[in-house]
Amino acid sequence: MDSQKDIVILGAGLAGLSVAYHLNENLDYAIFEKEEEAGGLTRSKHIDGFTFDYDGHLLHFRNNYTLELITKLLNNNLAPHKRNSWIFSKGTYTRYPFQANSYGLPKEIVKECLMGLIKIRLSETSKNNGANFEDWIYKTFGEGIARHFMIPYNRKFWTVEPKELTCEWLDGFVPVPSLEDVISG
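My aim in this report is to walk through the structure given alongside it, one point at a time. From a predicted model like this one, the values you see are computed outputs, not experimental measurements.

## So, the overall build of the protein chain
Next, step 1: Per the secondary structure count, the protein chain includes 5 helices and 6 strands.
Next, step 2: Ordered by position from the N terminus, the helices and strands of the protein chain form the series β-α-β-β-β-α-β-β-α-α-α.
Next, step 3: For 185 residues, the compact-globule formula gives about 16 Å, and the C-alpha radius of gyration of the protein chain, at 21 Å, lies well above that figure.
Next, step 4: Taking the principal axes of its C-alpha atoms as reference, the protein chain extends roughly 65 × 45 × 30 Å.
Next, step 5: Counting across all 185 residues of the protein chain, residues that qualify as buried make up 29%.
Next, step 6: For the protein chain, the share of sequence-separated contacts (at least 6 apart) that also reach a separation of at least 24 residues comes to 45%.
Next, step 7: Carbon and sulfur atoms make up 54% of the accessible area of the protein chain, which amounts to about 13,300 Å² in all.
Next, step 8: For the protein chain, the centre of its 20 positive side-chain charges and the centre of its 24 negative side-chain charges are spaced 10 Å apart.

## Section: helix α4 (residues 133-158)
Next, step 1: Between its first and last C-alpha, α4 extends only 11 Å over 26 residues, short of the 38 Å set by a 1.5 Å rise per residue.
Next, step 2: Of the residues flanking the start of α4, the one acting as N-cap is N132, its side-chain oxygen 3.0 Å from the backbone nitrogen of E134.
Next, step 3: Where α4 terminates, the next one or two residues include T159, which has phi positive at roughly 65°.

## Structural notes on the side chain of H148
Next, step 1: Mapped onto the fold, H148 is located in helix α4.
Next, step 2: A polar side-chain atom of H148 sits 2.9 Å from a polar atom in the side chain of E112.
Next, step 3: Sequence-distant contacts of H148, that is, excluding residues within four places in its chain, are made with S89, K90, F98, I109, E112 and C113.

## Considering helix α3 (residues 107-122)
Next, step 1: Taking 1.5 Å per residue, 16 residues should reach 22 Å; α3 reaches 22 Å between its end C-alpha atoms and fits that length.
Next, step 2: All buried positions along α3 are accounted for by I109, V110, C113, L114, G116, L117 and I120. Down the axis of α3, the smallest arc covering the buried residues is 160°, so these residues share one side. Facing away from the buried surface of α3 by more than 90 degrees, the exposed residues are K107, E108, K111, K119 and L122.
Next, step 3: Buried-residue contacts for α3 involve α4 and α5 (179-184).

## Digging into the pattern of salt bridges
Next, step 1: A full pass over the atoms with the stated rule returns 4 salt bridges.
Next, step 2: Measuring nitrogen to oxygen at the nearest pair gives 3.9 Å for the salt bridge that ties E37 to R43.
Next, step 3: Since its relative accessible area comes to 42%, E37 is described here as partly exposed.
Next, step 4: R43 sits in the buried class, given a relative accessible area of 9%.
Next, step 5: Among the ionic pairs, E161 bridges to R155, the shortest N-O distance being 3.0 Å.
Next, step 6: On the basis of relative accessible area, E161 is assigned to the partly exposed category, the value being 27%.

## Quick notes on the packing of aromatic side chains
Next, step 1: Per the counting criterion, the structure on display carries 10 aromatic pairs.
Next, step 2: Summarising the aromatic geometry, the rings of F98 and F149 are spaced 4.7 Å apart at their centres and angled 15° between planes, so their arrangement reads as stacked. Residue F98 is located in the loop between β6 (92-95) and α3, and its partner F149 is located in helix α4; the two are separated by 51 residues in the primary sequence.
Next, step 3: Relative to W158, the ring of F157 has its centre 4.7 Å away and its plane inclined at 85°; by these criteria the two rings are edge-to-face.

Cut-off values and rules
- Residues numbered from 1 in each chain as written.
- Predicted model: local features only at pLDDT ≥ 70, side-chain atom pairs only at ≥ 80, totals over all residues.
- Heavy atoms only, no water.
- Helix = DSSP H or I, 4+ residues; strand = E, 2+ residues; numbered from the N terminus.
- Rg over C-alpha atoms; globule rule 2.2 N^0.38 Å.
- Buried < 20%, exposed > 50% of the residue type's maximum accessible area, 1.4 Å probe, protein only.
- Contact = heavy atoms within 4.5 Å.
- Areas by Shrake-Rupley, 256 points an atom, 1.4 Å probe, with all protein chains shown as cover.
- Lys, Arg positive; Asp, Glu negative; His and termini not counted.
- Charge placed at Lys NZ, Arg CZ, Asp CG, Glu CD.
- Expected span 1.5 Å × (residues − 1).
- Polar contact = N/O pair within 3.5 Å; in protein donor to acceptor, adjacent residues only side chain to side chain.
- Arc of directions from axis to C-beta.
- Salt bridge = Lys/Arg side-chain N within 4 Å of Asp/Glu carboxyl O.
- Phe/Tyr/Trp six-rings, centres within 6.5 Å; stacked < 30°, edge-to-face > 60°.

The following block contains the structure:
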């Protein structure tokens, strides 16, 4: 391989492969992947007749271009599904997202979550998006929802403290229900 490349792409996951696909044909690039095969977290391992996914192969499409491209590249090999997620918290199951579905939780938890959300929605603080993800959580959902769900859930999910995460990726990925939806839930 020629060591002089216009562009070096680190990682052959979905992002790295997308960069390579979208590059101008006149540009010379190289993709470096530490694993033996491409795919990043969308890979599966086959061991003793069982298939183990690195991650749930879920793709969240924000626009039609991406959906059409993936559909074309995968030769229509997509299995769309409607989310049916539940959360076990405080001894009961609630529907996802927690912030809109407190029915069944202990009354004191429901009250703390609702009062925190109402308080933050009535304050000027909620109009500030926050400097990091943890800050955004408190300023968007209030103390109760942050403490009982958003902080511990996201700490476990991302495996880093929410205050270490930025907020650029949030749009469309973290449900922010209306106050009416939260009260109804």
